Amino acid sequence: MEFENGKNGQSQTSPVPKGLSEKTGLQRLGKIFLYVFLIGVAVVQILPLVWLFLFSLKNNQEVFNLPPLALPQEPQWGNYVRVWTEGNIGQYFFNSVYITASSVILTVIFASLVTFAITRMRWRLSKLVLGLFMVGLMIPVHSTLIPLFNFFTNVNLMDHPVAIILTYTAFNLPITIMILLGFYYTLPREIEEAAIMDGCSLHRLFFKIILPMTAPVVATTAIINMIYNWNEYVFVNTFISSDKYKTLTVGIQNFIGQYQTDWGAIGATLMISILPILIAFVILSNRIVEGITSGSVKG
Amino acid sequence: MNKVMSDKKVIALYVLPAFLLMMVLVYIPIVLTGYYGLMRWDGIGAMEFIGLDNYKRLLNDSMFWRSATHSLLLAIFSILSLVGYLIISLVLAGKIKGADLFRKIYLIPMLLSSVAIAQLWMRIYHPTNGVMNRFLTSIGIENTPLWLADTNIVLYAIFIPIIWQYAGFYILIYYAALRNVPNELVEAARIDGATPWQIGYKIKLPLIMGVIKVTIVLAVVGSLKYFDLIWVMTQGGPNGASEVIASYMYKQAFNSYNFGYGSAIGFFLLILCLVVTWIIRKLTADKEEVQY
């Protein structure tokens, strides 16, 4: 499942006859131009974040008077301490963690069960049910907001984290099932045949054999789900009103309002909110890349 | 074996939890949105059936059509930006050392929350202390724009971070597709004397047409329902200059308590997304599917 790009790129050269692979000066110049172009794009993608990091360590004096990309004379780590202790960022952070974690676990288990039933078991409506899940990919969140608002009010789940966890689970099922499908189709049938012959029950087969075998793709979907949930805005903004239940994404939005003119504090708040994702990316970039690619193309 | 694998009880047990969640939280709501659209309703009190009045109002609401135009503009810009993403991917999928690192760097903005991106770009566009205007001032431009406060500029000012945010996502998809183009085809063309431009345009592009179609659908539908960044940066303002369908719907429902009218807009958005998906699929349907 891993993409191996660098290697393919280099092996391309081998079958080319010698005369064609020799580089002329013009070709080399063209190559340099391409690298400059690609590095330019990388700078555009990264520079705003570098600037954010720099101003999160400055005081207003420095933000307003130094050139934007100048290093702070003395890094103001105090900005981070201040925003963490003054507001409810710690609480928001904790909420984001447990809401994200609960939804991811529910989504992955439910989606795995469905995918198993659809790809391995025989029943008449399986294609229809699969189609129903896949159409879910097309549905705009805003077309469900008012009925959901009404529904959660009626069942007393308004302003309650359970409403958010269930909504995240439902809305992430389609993409998760879609990524899992590809992997399940490749699992050899002999394994389950052998297991069933040996008198293994279906539950045992699923939980003890199939689920562990799908661990790599489950990890991929879990990470994709994690990023979506961590960043989600509309549902929390609409269904949660108490500060104590807000996630980091929505919490910082209100919190930043207090610091209208204190750039260092705003920068530090934003850095705290994106840091977990950046760290996850550094550690798990291959899986994230794989998850996003398989979640969008193999439809 | 067959008997075990078609055990109805087990199937129900495995499928129902997810199925019920989808029904209750996605499918019943979209039907209800259409139904609520027939009501006059403030979200708290009783509903009053008013037939198609909300939908008629929608057709004559100039503010709604203005929002719809903005959403459409965003969709057009997104399709145009796909061309740029495709060019970057074509370069990246050539013999580039470190291509893997490049595409990962490009992806970073896509992983961040729209709130964080919006807040960051609000600072970038800050009239006096933002990077944008400080740069313009430093090269001698005096009347620097107000960006998000200027009704003529605001919409385009918001498009830029959206294009920035999604660049890595589409480049990733195109890059993966381009890597799947068989080497033999590319090498054969090269030996026959095809230029890199011809190889890209005549061989690689037709082979990834399927993926390009998927991305067009994603970009257009994603644009039509776009909300987060705009809501955080301007709430559709100033004076509706950056209002889009989703932000207008949200305002009608949750700021003005026109839940009936908001539902009608939400239902319109749903139909729009489904119809547009269907149309793009039809328009780009292959006479002969390219296989590789």
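Predicted model, so just to flag it, every value in this text is computed and none were measured.

## Quick notes on the overall build of chain B
For chain B, the count of helices and strands is 14 helices and 2 strands. For chain B, the C-alpha radius of gyration of 24 Å lies well beyond 19 Å, the compact-globule estimate for 292 residues. On the principal axes, the C-alpha backbone points of chain B span a range of 80 × 75 × 35 Å. Burial statistics for chain B: of 292 residues in total, 44% are counted as buried. Pairs at least 24 residues apart make up 70% of the contacts formed inside chain B by residues separated by at least 6 positions.

## Side note on the UniProt feature "domain: ABC transmembrane type-1" (unreviewed entry) in chain B
UniProt records the feature "domain: ABC transmembrane type-1" (unreviewed entry) for residues 68-280 of chain B in the present numbering. Helix makes up 75% of residues 68-280 of chain B and strand 0%, whereas the separation of the span's terminal C-alpha atoms amounts to 18 Å.

## Some words on the interface of chain A and chain B
In this complex, chain A contributes 79 residues to the contact, which on the side of chain B involves 83 residues. Element by element, the count of residues in the side of chain A that touches chain B is highest for helix α15 (residues 263-297) of chain A, at 12 residues. Tallied by class, the residues present in the side of chain A that touches chain B amount to 55 nonpolar, 21 polar and 3 charged.

## Thoughts on helix α11 (residues 202-213) of chain A
Among the residues making up α11(A), those that are buried are A:L202, A:L205 and A:I210. End-on view of α11(A): buried residues confined to an arc of 50°, all on one side of the axis. In α11(A), the exposed positions angled more than 90 degrees off the buried face are occupied by A:H203, A:R204 and A:P212. Taken together, the buried residues of α11(A) touch α6 (89-120) and α10 (189-197) of chain A together with α1 (2-5) and α2 (8-36) of chain B.

## Topic: the UniProt feature "domain: ABC transmembrane type-1" (unreviewed entry) in chain A
Using the residue numbers shown here, the UniProt feature "domain: ABC transmembrane type-1" (unreviewed entry) corresponds to residues 93-284 of chain A. Split by type, residues 93-284 of chain A is 79% helix and 0% strand. Its first and last C-alpha atoms lie 21 Å apart.

## Describing the nonpolar core
Core analysis: the largest hydrophobic core is formed by 162 residues, its most contacted members being A:V114, B:I171 and B:Y174. Here this core gets 18 residues from one element, more than from any other, and that element is helix α8 (residues 154-179) of chain B. Once residues within four sequence positions are removed from consideration, A:V114 is found in contact with A:I177, B:Y14, B:V15 and B:A18.

## Details of the UniProt feature "transmembrane region" (unreviewed entry) in chain A
Using the residue numbers shown here, the UniProt feature "transmembrane region" (unreviewed entry) corresponds to residues 32-54, 92-116, 128-149, 161-185, 205-228 and 263-284 of chain A. Spanning residues 161-185 of chain A, this segment combines 100% helix with 0% strand, and its end C-alpha atoms are found 35 Å apart.

## Concerning the environment of B:N60
Residues and elements named next belong to chain B. Here N60 is to be found in helix α3 (residues 53-60). Of the residues examined, N60 has 8 C-beta atoms within 10 Å and is grouped as exposed. Each C-alpha atom, one on N60 and one on K251, is 18 Å from the other, the two residues being 191 residues apart in sequence.

Rules used throughout
Residues numbered from 1 in each chain as written. Chains lettered and ligands numbered in written order. Predicted model: local features only at pLDDT ≥ 70, side-chain atom pairs only at ≥ 80, totals over all residues. Helix = DSSP H or I, 4+ residues; strand = E, 2+ residues; numbered from the N terminus. Rg over C-alpha atoms; globule rule 2.2 N^0.38 Å. Buried ≥ 20, exposed ≤ 12 C-beta atoms within 10 Å, placed from the backbone. Contact = placed C-beta atoms within 7 Å. UniProt positions renumbered as here; feature names shortened; annotations may be inferred. Nonpolar A, V, L, I, M, F, W, Y, C, P; charged D, E, K, R; others polar. Arc of directions from axis to C-beta. Core = buried A, V, L, I, M, F, W, Y, C linked by C-beta atoms within 7 Å.

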